Amino acid sequence: MKYVIAIIKPFKLEEVREALGGLGIQGITVTEVKGHGRQRGHTEFYRGAEYTVSFVPKVKLELAVDEAIADRVIETIQLAGQTGQIGDGKIFVLPLEQAVRIRTGETGAAAL
Amino acid sequence: MTFGVYKPARSLAVATAVLLAGILPALAQETAPAAPIMDKGDVAWMMTSSLLVLFMALPGLALFYGGLVRAKNILSILMQTTMIAAVMMVVWVVYGYSFAFGGSENAFFGGFAKLFLKGVTLESMSATFTSGVVIPEYLFITFQMTFAAITPALIIGAFAERVKFSAVVLFSVLWATVVYFPVAHMVWDANGYLFKLGAIDFAGGTVVHINAGIAALVGCIMIGPRRGYGKDMMAPHSLPLCLIGASILWVGWFGFNVGSNLESNAGATLAMINTFVATAGAIVGWSLIETLHRGKASMLGAASGMIAGLVAITPACGTIGPVGAIALGALASVVCYFFVSVVKNKLGYDDSLDVFGIHGVGGIVGALGTAFFSAGALGGIKGDDYAVGAQFMIQLTAVVITVVWSGVASAILFKIVDVVVGLRVKPEVETQGLDQPSHGEVAYHNS
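Residues numbered from 1 in each chain as written. Chains lettered and ligands numbered in written order. Predicted model: local features only at pLDDT ≥ 70, side-chain atom pairs only at ≥ 80, totals over all residues.

1. Quick look at the overall build of chain A
Item 1. When helices and strands are tallied, chain A shows two helices and six strands.
Item 2. Secondary structure elements in chain A, listed N-terminal to C-terminal, are β-α-β-β-β-β-α-β.
Item 3. Taking 112 residues into account, the globule formula puts the C-alpha radius of gyration at 13 Å, and chain A, at 17 Å, lies well above it.
Item 4. Overall, the C-alpha framework of chain A stretches about 60 × 30 × 20 Å when taken along its three principal axes.
Item 5. Within chain A, the proportion of its 112 residues that are buried is 16%.
Item 6. Looking at chain A alone, contacts between residues at least 24 apart form 69% of all its contacts between residues at least 6 apart. (Helix = DSSP H or I, 4+ residues; strand = E, 2+ residues; numbered from the N terminus. Rg over C-alpha atoms; globule rule 2.2 N^0.38 Å. Buried ≥ 20, exposed ≤ 12 C-beta atoms within 10 Å, placed from the backbone. Contact = placed C-beta atoms within 7 Å.)

Pasting the structure below:
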């Protein structure tokens, strides 16, 4: 099993979710996050006060997938989340030791 | 305007005579009837006006200020505004009305005659601008009470996000007693010093805005800047709330300005159109100067221009023309913009919500601008016998007296409050935000 973490542009979330749904992915966790990579923040003015905002709003997706479809999941996110502009985000993939469905106690790939 | 309280013989006559000579000559054509007349139209309008001024404070000012602070402090602002309004209403009935309008012939103090509204009955009447036309004294008391309720609340924006709740309440009561009531008496009572001097302050530019603006400046300097000021992100947490509040202030301001006419007549309509168009001119003015200076017109800028224009037209709305009002509003925006974006940063004081920069500075622009734009040649209602230079000196005198009175008294009162209860919250409270430590509540929960 693989644990896939993707940081994407917020407005791309729905496209990515639909594309993943097409692969039969059933579970996904979404968090609104802030951060920056090479894309820097912006400047805000409030009357006389000027603030440099370093962090850009992003959406973080987390999903646990079976080894067999991991590559297709990564490719799908990469294609659906892409605009070609700086700040499109990153995908991180980790090995996943275990998964448990709390309701039934099923473990491993059966719990995904 | 005059708020000389009607006493059958002298006060009304004095008030009316001064007024007709100086402020509203157009109304002089009406002949004074033998018995004072109470008009139900006037009464209905003045009751409405009183509610509109209440609406300015709650929720107008509360939301305007509340949106401008960080999310961890909004309840402290809402609560301070609410409590100040409530406490001032109680104080007004107990002694405020008497201190301001108690009928004393002293130039600075209304006296003790009307403590607890002593002697006021359903038959008591107050003078208006028209000879022989009166409104019930209960109505006059109520209308003026709403002014007293909002004015100390204006000050709190200067030291938002770091002040103790108890200090705010104590200061407000002391400040009203030593500064607001005497200045209100000076400007609005027929025996008042500035009234007799001939200062034009139709709806309270000196009494309310310069007065509060100066106290705010003194307060923010004495309390000191917020922790992290100039380094940490202190952007407003909700500009939508801020605009809602500012817009409510605009609507409520018609009670403030137009209600100050005390009657529902042509003079009221002049104040009304001026309160519309001066504000419009100020919004356009602020956005223009901001675009030229920064390259973008901001929502907060438009809201700030709105308030600057409303402040500036307050003293002027009864005597200047609509075109002059547009110019005065735009001028106020430009000067206020310069203060909040350049002067404040240069001097380094933390007037958190720009109370001095907008109310103090806008009030001074309005008070002085009134002298010019009241002239017939500039569209005002003053005739040939009106001398701009002489009126300017009177307006300047009124401004200087108010600045010195409020500045000195506020400094002493802040010191007293600091000794008695302490002005400032503990550093860890300031970091956490005032809402939970001061009031046991949090404004926003994620679920």
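2. Some remarks on the overall build of chain B
Item 1. Looking only at helices and strands, chain B features 15 helices and three strands.
Item 2. Expressed as a percentage of contacts within chain B between residues at least 6 apart in sequence, the contacts between residues at least 24 apart total 77%.

3. Thoughts on the packing of helix α7 (residues 205-223) of chain B against helix α13 (residues 388-420) of chain B
Residues and elements named next belong to chain B.
Item 1. Here α7 crosses α13 at 40°, and the two axes come no closer than 8 Å. By the angle class used here, α7 and α13 are oblique. The element α7 and its partner α13 pack so that their crossing is right-handed. Counting all contacts with α7, which are made through Thr-206, Ile-210, Asn-211, Ile-214, Ala-215, Val-218, Gly-219 and Met-222, the residues of α13 involved are Ala-398, Val-399, Thr-402, Val-403, Ser-406, Gly-407, Ser-410, Ala-411 and Phe-414.
Item 2. When grouped by side-chain class, the residues that make up the contact of α7 with α13 number 10 nonpolar, seven polar and no charged. (Axes fitted to C-alpha atoms, helices over the stretch in contact; angles between N-to-C directions. Parallel < 35°, antiparallel > 145°, perpendicular 65-115°, else oblique. Left-handed = near helix turned anticlockwise from the far one by under 90°. Nonpolar A, V, L, I, M, F, W, Y, C, P; charged D, E, K, R; others polar.)

4. Considerations on the sheet that holds strand β2 (residues 125-127) of chain B
All names here are of chain B.
Item 1. Across the sheet, which stays open at both edges, the three strands sit in the order β1-β3-β2 with mixed pairing between neighbours. Two strands in the sheet have a free side with no partner beyond their single neighbour: β1 (37-38) and β2.
Item 2. Lying over the sheet, helix α4 (residues 137-155) contacts β2 and β3 (133-136), oriented at roughly 70° with respect to β3. (Pairing = 2+ DSSP bridges.)

5. Details of the nonpolar core
Item 1. Core analysis: the biggest nonpolar cluster contains 145 residues, and B:Met56, B:Leu61, B:Ile150, B:Leu249, B:Leu328 and B:Ala332 have the highest contact counts within it.
Item 2. Residue contributions to this core peak at 14 residues, all from helix α3 (residues 74-101) of chain B.
Item 3. Counting 11 residues, the second largest nonpolar core, distinct from the first, contains A:Val4, A:Ala6, A:Leu61 and A:Val73. (Core = buried A, V, L, I, M, F, W, Y, C linked by C-beta atoms within 7 Å.)

6. Some remarks on the sheet that holds strand β6 (residues 89-95) of chain A
Residue and element names in this part refer to chain A.
Item 1. The four strands are arranged β2-β5-β1-β6 in an open sheet whose pairing can be described as antiparallel. Among the strands making up the open sheet, the edge pair consists of β2 (29-35) and β6. Direction aside, neighbouring strands of the sheet carry axes that sit 20° apart on average.
Item 2. The pairing of strand β1 (residues 2-8) with β6 spans seven bridges and is classified as antiparallel. Bridging from a neighbouring strand, Tyr-3 pairs with Leu-94 of β6.
Item 3. Of the strands in this sheet, β1, β5 (56-65) and β6 are in contact with helix α2 (residues 70-80), which crosses β6 at around 170°.

7. Here's the deal with the environment of B:Val323
Item 1. Mapped onto the fold, B:Val323 is located in helix α11 (residues 322-347).
Item 2. Spatially, the C-alpha atom of B:Val323 lies 35 Å from that of B:Val218, the residues being 105 residues apart in sequence.

8. A closer look at the environment of B:Leu63
Residue and element names in this part refer to chain B.
Item 1. Of note, Leu-63 is situated in helix α2 (residues 40-68).
Item 2. Spatially, the C-alpha atoms of Leu-63 and Ser-104 are 38 Å apart, while their sequence positions differ by 41 residues.
Item 3. Look past the residues within four positions of Leu-63 in its chain and what remains in contact with it is Leu-241, Ile-244, Gly-245 and Ile-248.

9. Describing the pairing of β5(A)
Residue and element names in this part refer to chain A.
Item 1. Note that β1 and β5 share seven bridges and pair antiparallel. Residue Ile-7 lies in a different strand from β5, and its bridge partner there is Lys-60.
Item 2. Relative to β5, β2 runs antiparallel, the two being bridged by seven bridges. For Thr-29, the partnering residue across the bridge sits in β5 and is Glu-62.

10. Looking at the pairing of strand β3 (residues 42-46) of chain A
Residue and element names in this part refer to chain A.
Item 1. Pairing analysis gives five bridges linking β3 to strand β4 (residues 49-53), with the strands arranged antiparallel. Bridging across to β4, Thr-43 finds its partner in Thr-52.
Item 2. Between the end of β3 and the start of β4, which pair antiparallel, lie two residues, with Arg-47 showing a positive phi angle near 50°.

11. Some points on the environment of B:Ala282
Residue and element names in this part refer to chain B.
Item 1. Checked against the element boundaries, Ala-282 lands in helix α9 (residues 266-294).
Item 2. Judged by C-beta crowding, with 32 C-beta atoms within 10 Å, Ala-282 ranks as buried.
Item 3. Ignoring anything within four residues of it in the chain, the contact list for Ala-282 reads Gly-305, Met-306, Ala-308, Gly-309, Ala-312, Gly-329, Ala-330, Ala-332 and Ser-333.

12. Thoughts on the interface of chain A and chain B
Item 1. With seven residues of chain A at the interface, the matching set in chain B holds 13 residues.
Item 2. With three residues, the single largest contributor to the side of chain A that touches chain B is β3(A).

13. Side note on the packing of helix α1 (residues 13-22) of chain A against α2(A)
All names here are of chain A.
Item 1. Relative to each other, α1 and α2 sit at 150°, their axes nearing to 9 Å. The pairing of α1 with α2 is recorded here as roughly antiparallel in orientation. Read as a crossing pair, α1 and α2 show a hand that is right-handed. Side by side, α1 and α2 meet where Glu-15, Val-16, Ala-19 and Leu-20 of the first sit next to Val-73, Thr-76, Ile-77 and Ala-80 of the second.

14. Focus: α4(B)
Item 1. For α4(B), with 19 residues, the first-to-last C-alpha span of 29 Å sits near the 27 Å given by 1.5 Å per residue.
Item 2. With 18 of its 19 residues buried, α4(B) lies for the most part within the structure. (Expected span 1.5 Å × (residues − 1).)

15. Here we look at unusual backbone geometry
Residue and element names in this part refer to chain B.
Item 1. The omega angle of the peptide bond from Leu-58 to Pro-59 is 5°, so this bond is cis rather than trans.
Item 2. For Pro-59, the position within the fold is in helix α2.
Item 3. The backbone of Phe-116 shows a phi angle near 55°, a positive value even though the residue is not glycine.
Item 4. Within the fold, Phe-116 resides in the loop between α3 and β2.
Item 5. Taking the C-beta count within 10 Å as the criterion, Phe-116 has 11 such neighbours and is therefore assigned exposed.
Item 6. For Asp-354, which is not a glycine, the phi torsion comes out positive at approximately 60°.
Item 7. Note on Asp-354: 28 C-beta atoms within 10 Å, which makes it buried.

All we've got here are geometric facts, nothing functional implied.
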